[in-house]
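# What the coordinates show
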Amino acid sequence: MEKEITAAIMASTSDVDMMTNDRIEALTKGHGMLNIAAICAANSIAEDVLRGTEIRLTDHNVQQLPIDDVLKKAIDAAELAGADPANAALISATLCYFAGTNAQAGVPAGNRKLGAMARIIAGVDRCGVIAIPTAKVNNRISGYAAVRAVYDAVFDNKIIPEIDGSIMPMGVGGGPLYGHGALGEDMAFPEIAKNGAAAGTKGMLKAYANVGMPPSPITAAIFGSAAILEIVHPDSEVGEKYGKLFKDNSAYVSGLGAVEAAGLPEKLHIRGTGEEYDTARLVGDLGVILKDIGGPSVIGMMAFEEMLSSFEESLAIGAGFSGGPLQPPLGHMTADAVLAMKVLISSGGDLEAASEKIKEIKENFWLEPELAKVATNTISRKSEQVKRGPVTKAMILATDGGLARAVSDRAKFTYDKLKEGKELDEIVRMLDDEKLENVETACSALFSGMMGKDIKIDITRYQGCARRSPNDFLKRYCGFDTDAAVEITIDGEKIVFDGLSQNVIPDAVINKKMDILEAIPLAAVPVTELQLCGHTIINIIVPAAVAATMVSDLTPNEIAKKAVNGAYVSSAIPGGIQRAEEVAKRAIKIMAEL
């Protein structure tokens with residue numbers, strides 16, 4: 001291999017911070033997102049589970065269970081990565097749940113609930129569902145919507161109209177004749193749980209829509225369940241009509257009501273492993289956790305929702321988008337923590353087996369599998385700067401090969417083209433042209449399979465300055481004001497979306513043009529994939545590194561600017577010039593030693 005290519009590969013991969021325009025150094029202290037905190041907590045939990053630690057909750061008459069220590073270490077790991085105690089508690093409790101911990105155990109003495117345990121260990125106050133925000137989807141709402149909807153239904157006597165508490169006889173209302181009898185377990189509690197969760201869920205869905213947000217059915221359901229579980233006996237048994245003794249309780253029934261109201265599927269499946277979850281039980285359990293947790297912030301709830309994107313059905317249930325098919329910014333990649341942890345646990349800690357499964361997941365569920373591998377490699381290596389463990393080891397092992405191929409292919413391509421006399425910016429543009437074509441092809445295949453039609457997608461214009469006065473910043477970084485034109489051909493019939501962001505989408509949404517709204521995803525998905533591509537900038541830094549070893553009449557800064565000028569797609573957000581310049585300098589230093 002030519003020395004120039006070797007130097008460029010070494011320089012490009014020498015520092016993970018150079019691989020992305022995302023500010024991942026900030027992520028190591030929780031500024032922006034908490035995916036690194038989640039990955040570090042997953043490292044801790046996986047270590048304990050693989051060591052054989054019992055993580056189930058029980059009502060044993062002891063002061064502490066092994067799960068207390070597991071939670072403590074996971075919370076410490078999340079805080080080490082910048083999570084505040086309330087967010088660390090939520091992240092750790094949720095990851096423990098996905099690792100196999102039950103959400104609650106015991107009535108009443110020895111009663112334990114996972115969310116409350118995490119909150120107490122983290123040393124934070126309980127705030128109640130009313131103050132918990134949702135994840136940000138540009139905007140966000142709070143659990144107030146669910147709580148208000150529940151209490152509106154209470155005041156309208158729509159929760160349990162058959163039972164009037166004001167006539168409850170003395171000795172009945174607060175005791176086991178009610179709480180462990182037919183009136184409570186067979187009638188009142190399950191009806192309150194089911195009807196209340198449905199009301200809270202519908203309130204959340206309405207609130208989402210009325211502030212211009214796409215409703216998240218899974219988040220709405222969890223909030224609806226959590227809101228009613230602040231009212232109803234949260235761990236009562238229920239009558240045979242609603243479930244099985246010692247298996248199904250009021251939390252489960254709240255999940256049934258929430259799932260039905262949200263229109264969620266009965267079963268969900270972990271991506272890649274196929275592990276099946278009963279959706280009602282999942283929603284009820286997460287509702288129990290959420291009602292008892294402290295006051296997580298928006299970014300804590302973003303990490304929470306991104307964990308739910310580890311389900312194959314994540315798009316349909318409105319979970320986060322770090323589970324594919326789009327590759328999000330590196331701050332969103334929390335699903336990887338769940339997926340890697342679960343495949344490790346299912347394989348008994350076999351790193352080779354786990355890494356193969358993670359690799360398979362990346363190759364089968366992303367529009368750009370190559371760049372999805374590089375992104376995972378980058379964020380897992382960055383996480384290891386905070387805390388190492390089996391989760392990050394498996395993620396790195398799964399994606400090192402993809403990283404090596406992606407970088408070496410671009411280095412060889414650049415070397416050959418420079419030898420042919422091509423200019424650096426022209427070479428980078430060729431790489432970005434190929435990226436755009438790959439996205440078009442992948443999306444065409446994705447939607448053709450989903451819709452059972454022959455669909456071809458062509459992005460005919462992709463640039464900046466869609467609606468603002470032209471300026472150098474928006475021309476260079478088109479992710480902020482993207483002017484895109486897309487041609488969609490469906491079974492031979494062509495649809496043209498000219499000015500997707502500034503013309504088509506506002507017109508369709510404001511004027512409720514349902515036929516256009518139904519077709520917009522065919523254009524929006526590929527354009528969004530391009531808008532987010534600052535997560536991995538190997539189309540910029542690798543050519544810059546090669547050029548630095550071959551072009552003597554340009555400084556590293558001039559090389560970097562030329563590379564970014566050609567990167568009409570990859571330079572979606574600022575940061576490429578500084579990183580390309582640094583990589584170019586490193587390539588020169590390495591070349592001098594070869």
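See the structure printed just above.
Okay, so let's go over this structure. In this text, all values refer to a predicted model and were calculated from it rather than measured experimentally. Each chain carries its own residue numbering, running from 1 in the written order of its sequence. Where local features are concerned, this predicted model is filtered to residues with pLDDT of at least 70; where side-chain atom pairs are given and counted, the filter is 80 or more; whole-chain, interface and lining totals use all residues. The basis for every side-chain value is the complete set of heavy atoms in the structure, and neither hydrogens nor water enter the calculation.

### Focus: the pattern of salt bridges
- Here, a salt bridge means any side-chain nitrogen of Lys or Arg that lies within 4 Å of a carboxyl oxygen of Asp or Glu. Per the stated rule, a full pass over the model turns up 35 salt bridges.
- Here Glu 581 ties to Lys 585 by a salt bridge, and the two come within 3.7 Å at their closest N and O atoms. One end of the pair, Glu 581, and the other, Lys 585, are both in helix H25 (residues 576-593), four residues apart, so they sit about a helical turn from each other.
- Connected via shared salt-bridge partners are Asp 48, Arg 51, Asp 69 and Lys 73. Numbering goes from the N terminus for both helices and strands, where a helix is a DSSP run of H or I of at least four residues and a strand is a run of E of at least two.

### Thoughts on the sheet that holds strand S5 (residues 455-463)
- Across the sheet, which stays open at both edges, the three strands sit in the order S5-S6-S7 with antiparallel pairing between neighbours. Each of the sheet's edge strands pairs with one partner strand only, and the pair in question is S5 and strand S7 (493-498). Direction aside, the axes of adjacent strands within the sheet are offset by 10° on average.
- When DSSP finds two or more bridges between two strands, those strands count as paired. In the sheet, S5 pairs with strand S6 (residues 483-490) via eight bridges, with the strands oriented antiparallel. If you follow Tyr 462 over to S6, its bridge partner there is Ala 484. Only the stretch in contact is used when a helix axis is fitted, and all axes are lines through C-alpha atoms; the angle between N-to-C directions ranges over 0 to 180 degrees.

### Some remarks on the pairing of S7
- The pairing of S6 with S7 spans six bridges and is antiparallel. When the sheet's bridge partners are listed, Ile 490 is paired in S7 with Glu 493.
- Once S6 ends, the chain turns through two residues before running back antiparallel as S7, passing Asp 491 with a positive phi of about 50°.

### A few points about helix H5 (residues 85-99)
- Between its terminal C-alpha atoms H5 stretches 21 Å, which fits the 21 Å expected from 15 residues at 1.5 Å a residue.
- Three labels apply to residues, based on accessible area from a 1.4 Å probe with only protein chains included: buried if under 20% of the type maximum, exposed if over 50%, partly exposed otherwise in between. The buried count for H5 comes to 14 of 15 residues, which makes it a mostly enclosed element.
- Looking one or two places after H5, you find Gly 100, whose phi comes out positive at around 125°. Expected span of a helix: the number of residues minus one, times 1.5 Å.

### Structural notes on the packing of helix H9 (residues 182-210) against helix H10 (residues 217-229)
- Closest axis-to-axis distance for the H9/H10 pair is 7 Å, and the angle between their directions is 135°. Compared by their axis directions, H9 and H10 come out oblique. For the element pair H9 and H10, the recorded crossing hand is right-handed. Two secondary-structure elements touch here, H9 through Ile 192, Ala 193, Gly 196, Ala 197, Gly 200, Thr 201, Met 204, Leu 205 and Tyr 208 and H10 through Pro 217, Thr 219, Ala 220, Ala 221, Phe 223, Gly 224, Ser 225 and Ile 228.
- Its residues placed into classes, the contact of H9 with H10 shows 11 nonpolar, six polar and no charged. Relative orientations are named as follows: roughly parallel for angles under 35 degrees, roughly antiparallel for angles over 145 degrees, roughly perpendicular for angles from 65 to 115 degrees, and oblique for any other angle. The crossing is said to be left-handed when, going from far helix to near helix, the turn is anticlockwise and less than a right angle, and right-handed when the turn is clockwise. The contact rule is simple, with two residues in contact once any of their heavy atoms fall within 4.5 Å. As a working rule, the residues Ala, Val, Leu, Ile, Met, Phe, Trp, Tyr, Cys and Pro are called nonpolar, Asp, Glu, Lys and Arg charged, and the rest polar, with Gly in that last group.

### Focus on helix H16 (residues 351-365)
- Taking 1.5 Å as the rise per residue, H16 with 15 residues should run 21 Å; its terminal C-alpha atoms sit 21 Å apart, in good agreement.
- Along H16, the residues classified as buried are Ala 354, Ser 355, Ile 358, Ile 361 and Lys 362. Buried positions in H16, seen along its axis, are confined to an arc of 120° and lie on one side of it. Opposite its buried face, H16 presents the exposed residues Glu 352 and Asn 364, each directed more than 90 degrees away.
- Taken together, the buried residues of H16 touch helix H15 (335-346), helix H17 (369-384) and helix H18 (390-419).
- Its side-chain oxygen 3.1 Å from the backbone nitrogen of Glu 352, Asp 350 forms the N-cap of H16. Arc, as used here, means the arc of the directions from the helix axis to the C-beta atoms. Distance and chemistry together define a polar contact, namely a pair of N or O atoms within 3.5 Å, with one atom able to donate a hydrogen and the other to accept it when in protein, and with adjacent residues in sequence counting only for side-chain atoms on both sides.

### Looking at the packing of aromatic side chains
- We call Phe, Tyr and Trp rings a pair once their centres come within 6.5 Å, taking the six-membered ring for Trp, and we label the pair stacked below 30 degrees between planes, edge-to-face above 60, and tilted otherwise. Counted under the stated rule, the structure contains eight aromatic pairs.
- Judged by centre distance (6.4 Å) and plane angle (45°), the rings of Tyr 151 and Phe 155 are tilted. Taken together, the residues Tyr 151 and Phe 155, both in helix H7 (residues 144-155) and four residues apart, mark about one turn of the helix.
- When its relative accessible area of 68% is taken as the criterion, Phe 155 is described as exposed.
- Between Tyr 178 and Phe 189, the ring centres sit 5.4 Å apart and the planes meet at 40°, which makes this aromatic pair tilted. With a gap of 11 residues between them, Tyr 178 in helix H8 (residues 176-179) and Phe 189 in helix H9 connect regions that are remote in the sequence. Across the pair, Phe 189 and Tyr 178 agree in class, each one buried.
- Each ring is checked for a lysine NZ or an arginine CZ that lies within 6 Å of its centre and within 35 degrees of its normal; such an atom marks a charge sitting over the ring. Looking at Lys 362, its charged tip hangs above the ring of Trp 366, at a distance of 3.9 Å from the centre.

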